[in-house]
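# Commentary on secondary and tertiary structure
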Amino acid sequence: MPKSEVTPNSPSVNKSVNAKPSSVELHIPIKILSNETATGSNTPSGNIHFREQKGDFQRLRTMMNSLLIVLFFALPFISIDGRQAILLDISQQQFFFFGITLWPQDFTLLAWIFIAAAFGLFFITVFWGRVWCGYLCPQTAWTFIYVWIETRIEGSSNKRKQLDKASWSGSKIGKRSTKHLLWGLAALLTGCGFISYFIPARELYIDILTGNASFWVTSWVWFFAICTYLNAGWMREQMCLHCCPYSRFQAVMFDANTKTVTYDAQRGESRGPRKRKQETNLRGSNLGDCVDCNLCVEVCPTGIDIRNGLQYECINCGACVDACNETMLKFDYKPNLIGYMSENDLKGVSYSYWRSPRFLGYGAAVVIMLIVIGLDLNSRSEIQLNVIRDRQSLYRETADNKIENTYQLKIRNKTQDTKQYQLAVDSEMPFSLIADPIITLAAGEQVDYPVTVLADKDAIPSGRKMIQFSVTDVKQPSQQVSQETGFFSP
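First, a word on scope: everything that follows refers to the structure included in this document. (Residues numbered from 1 in each chain as written. Predicted model: local features only at pLDDT ≥ 70, side-chain atom pairs only at ≥ 80, totals over all residues. Heavy atoms only, no water.)

As a further point, take the sheet that holds strand E15 (residues 463-473). Taken together, the 4 strands give an open sheet; going across it, the order is E13-E11-E15-E16, and neighbouring strands pair in antiparallel fashion. Since the sheet does not close on itself, it has two edges, and those belong to strand E13 (438-441) and strand E16 (480-489), each with one partner. Adjacent strand axes in the sheet meet at a mean angle of 25 degrees, parallel and antiparallel pairs treated alike. Two elements, strand E11 (residues 419-426) and E15, share 6 bridges in a ladder whose sense is antiparallel. Looking across to E15, one finds that Leu 423 is bridged to Val 471. (Pairing = 2+ DSSP bridges. Helix = DSSP H or I, 4+ residues; strand = E, 2+ residues; numbered from the N terminus. Axes fitted to C-alpha atoms, helices over the stretch in contact; angles between N-to-C directions.)

What follows concerns the packing of aromatic side chains. Enumeration over the complete set of coordinates arrives at 27 aromatic pairs. Measuring from ring centre to ring centre gives 4.2 Å for Phe 194 and Phe 224, while their planes differ by 35 degrees; the resulting arrangement is tilted. Taken together, the positions of Phe 194 in helix H7 (residues 170-195) and Phe 224 in helix H9 (residues 215-235) put the pair 30 residues apart, joining distant regions of the chain. Using a relative accessible area of 33% as the deciding quantity, one classes Phe 194 as partly exposed. Ring pairs connect the aromatic residues Phe 119, Phe 122, Tyr 246, Phe 249 and Tyr 362, which therefore count as one cluster. Across from the ring centre of Phe 144, 3.6 Å away, lies the NZ or CZ of Arg 61, which sits over that ring. The ring of Trp 168 carries Lys 172 above its face, with NZ or CZ at 4.4 Å from the centroid. (Phe/Tyr/Trp six-rings, centres within 6.5 Å; stacked < 30°, edge-to-face > 60°. Buried < 20%, exposed > 50% of the residue type's maximum accessible area, 1.4 Å probe, protein only. Lys NZ or Arg CZ within 6 Å of the ring centre and 35° of its normal.)

Take the pattern of salt bridges next. The final tally for this structure, using the stated rule, is 20 salt bridges. In this structure, Arg 176 engages Glu 154 in a salt bridge whose closest nitrogen and oxygen atoms are separated by 2.7 Å. Note that Arg 176 is positioned in helix H7 and Glu 154 in helix H5 (residues 138-154), a separation of 22 residues in sequence. Here Arg 176 matches Glu 154 in class, with each residue buried. With a shortest N-O distance of 3.1 Å, Lys 179 and Glu 154 are connected by a salt bridge. Of the two residues, Lys 179 sits in helix H7 while Glu 154 sits in helix H5, which places them 25 residues apart along the sequence. (Salt bridge = Lys/Arg side-chain N within 4 Å of Asp/Glu carboxyl O.)

Here the focus is the environment of Ile 78. On the secondary structure map, Ile 78 appears in the loop between helix H2 (56-74) and strand E1 (79-80). The exposure class assigned to Ile 78 is partly exposed, which follows from its relative accessible area of 37%. Counting along the chain gives 123 residues from Ile 78 to Ala 201, while the straight-line C-alpha distance between them is 9.7 Å. Residue contacts for Ile 78: discarding those within four places in its chain leaves Arg 83, Gln 84 and Ala 85. (Contact = heavy atoms within 4.5 Å.)

Structure, rendered in structure tokens:
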């Protein structure tokens, strides 16, 4: 029968309650759980102590989380052309990204990248649901690290529950102190790792360890360390349940073909304990394949019962899939009573993604954003030019019957190499430039370069004429910028 029809007096529950203990009855019977959280792995304090689980999906999750963490700490130590590969230097207003230097005016490129990443996430969600949360989200990765530390110190989930209920003793104080000390060290390393994307990593770690870091650097490291300690150590699933916006709207991207962690109720119900390898659906028996072991609840990091149907709390980590498959193997039943399945999979319906509006829409959005990023990168200039007219006077007349206008050129070398630039003024009329036409700028340097443009009074019409300043890289003529401005004469 569907889960919604199970009551405390239903046959499946009564059988579970009255059955004699055996080697196959792993845990207490299933309880009716609210949509907010399951109580199977909760303690009186409200903490969820979920069991460690092994299996194919947990190995994949561990590998993905480990890769994420290694990259998080290692990337700041990678150098390209003598500079940190990824560094957001706020004081110098520069962002170094694998040999590319981005300035504040280039941050539209980062906006395109973030938009493309968002559409890419939506595109993947159409296929595999909330897999980002289960396999790549930093909150999930650090939560599992903290739980791993907790398990090594305090023991399995049952031992941790007992420790919560136990009165304070020397043993409990020792275990808790050790756990929180290790949590604190992990949080401090995480704080250093995050700030190393803003301050050169090799200097930061040395300054923090030796106590030579400035007040503000130390404050920011400790701020992110405290956030990590609270999020991964204490809040954990509360971040996913109440703080993460993705959990609230991710279901709108689902369709009938989206594969999410799903319980096959038609195959599993009615649930209940039984002997190993007992056949189901026999005459006189209404048992399905679910043996009501409750492991799917106990391994869930958010404490839900997946048998209640699709819930926004589910992060699709696959822990319940591995736990259920382990039980199915023991009972010699088919795997994937709980598995990554779509609505159409459960119905046995074949459906093409090419007919899905979401698939086509999100896919087209990703392609468009990648094209925009390519065009933006291709049109990006390594030189910045800003022309400012002299505001004191429109023009000046010289004794030899010439007209001159004065300008201030702000020129920036946006590369990390010393460059020589050729300065020129272009117009259909005879204008001459009174300034050194060759400018040398160091890496990342900006100069205010005063120039004067001169013209014969009799050779130009009165009023305002348009001229164009251009700055060209001497060694790379393809790198050129220009800007129009006005030239005034009486």
